[in-house]
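Structural description and commentary
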Amino acid sequence: MASLRAVHYINQFYAGLGGENMADIGLSVTEEKKGPAIGLEKLWNGEMEIVKIMVCGDNFINNDDNFQAIIPEIKKTVEEAKPDVFIAGPAFNAGRYGVACAKVCDYVKKELGVPSVTAMWHENPAVNIYVRDNYIVSTTETAAGMSKSLPALAKLALKLAKREDIGAARFEGYLKTGHRYNEYHENTGAERVTAMLLDKLYNRPFVTEVPLRGFETVKPAPALTDLKNAVIALITTGGLVPVGNPDKLKQSFSVTYGKYEIKDVDSLNKGVYESIHGGYDTTDASNDPHRLIPLDQMRVLEKEGAIGGIYDYFFSTCGVGTNIESSKDMGRRIVADLKDSEISAAILTST
């Protein structure tokens, strides 16, 4: 029997309970190994076992009132299991799952005093919220890379369970937390910076000790001065497409978009359009497509003369899991289209 113990948190999907249709289920606890737990235990070679699996729906746990309501059950489960480490995920680039994993780890670490670790894609929205105070191991973007992502998570979880010293992010595989610590080095700062400069001059690989933070800035477009003559385009990341998804747009991790004609169309009707988005319950959007593309109200403004007109096409893609570079590429292509058509402005709706 393994001497070290772990508790593992996963969502309804990895527990095999279902997808979006089960995202509202509450917290449950089992001893049956599920999902990533099986792979993690194999990597520990008998040194540690997962004694409890905690499962909760992504929608449920991301509701603040629900989370507060299940905290006593989380506390009881962890205290009874007496784990050496708490693990959540990996969540990859699933936003709600990532936030849930990081939120539970944050609570268990800070309030229950148990070392905790989760794992996800570096662009997961949970990273910016929780990375400063939590270990978040870097993973591939999707679960297709599960086998590539588990080893680093397993290794760091085991080190935490053994209470071993945790090294810098670049050595341990977790995402940078922003904390800096003083340490002794065999070479002086002058010697290290000179070596770094020489590596840079000779195009050799090097790692800076004090990376510069950079933030991309986007200059705002000038305000519209003549709205009554402006032609407005409509765009959504909510996944609205003609029924049947004729362009075969991806439900998540999008790399392209659809462009659909609305010339002489006053209303987007249920049964003609639907949302295929893979990151939320699309029932309301499919029942009333105007929740995503507000064409009906825009036609009212057009008839009243408040705006000059509406572009003859709307653009649609699915925002869930879409990485930044793909988003930029789609944005550039849509902007080029709008400029060629002399469009004045665009309204972009999300979910």
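Note: the structure precedes this text.
Residues numbered from 1 in each chain as written. Predicted model: local features only at pLDDT ≥ 70, side-chain atom pairs only at ≥ 80, totals over all residues. Heavy atoms only, no water.

With that out of the way, let us pick up the layout of surface pockets. By volume, the second largest pocket amounts to about 940 Å³. For the second largest pocket, the lining is made up of 35 residues, of which Asn93, Ala94, Gly95, Val320 and Gly321 are closest to its centre. Breaking the lining of the second largest pocket down by element, the ones donating at least two residues are helix H4 (95–112) and helix H11 (324–340). Examining the composition of the lining of the second largest pocket, we find that three residues originate from one element, H4, more than from any other. (1 Å grid on protein atoms, 1.4 Å probe; cavity = no way out; pocket = protein on both sides within 12 Å on 5 of 7 lines; lining within 4 Å. Points joined across faces, edges and corners; volume = space filled by probe spheres on them. Helix = DSSP H or I, 4+ residues; strand = E, 2+ residues; numbered from the N terminus.)

Strand order in this open sheet of six strands is E2-E3-E1-E4-E5-E6, and the pairing throughout is mixed. Two strands lie at the open edges of the sheet, namely strand E2 (28–30) and strand E6 (135–138), each paired on one side alone. Sheet twist, expressed as the mean angle between neighbouring strand axes with direction ignored, is 25°. Bridge count for strand E1 (residues 4–11) against strand E3 (residues 48–56) is eight bridges, and the pairing is parallel. Across the sheet, the residue bridging to Leu4 is Met48, located in E3. Contacting E1, E3 and strand E4 (85–88), helix H1 (residues 36–44) crosses the sheet at an angle of about 165° to E3. (Pairing = 2+ DSSP bridges. Axes fitted to C-alpha atoms, helices over the stretch in contact; angles between N-to-C directions. Contact = heavy atoms within 4.5 Å.)

As a further point, take H1. Among the residues making up H1, those that are buried are Pro36, Ala37, Leu40 and Trp44. All buried residues of H1 fall inside an arc of 100° around its axis, so they share one side. Where H1 is buried, its residues meet E1, E3, E4 and helix H6 (146–161). Phi for Asn45, located one or two positions after H1, is positive at around 50°. (Buried < 20%, exposed > 50% of the residue type's maximum accessible area, 1.4 Å probe, protein only. Arc of directions from axis to C-beta.)

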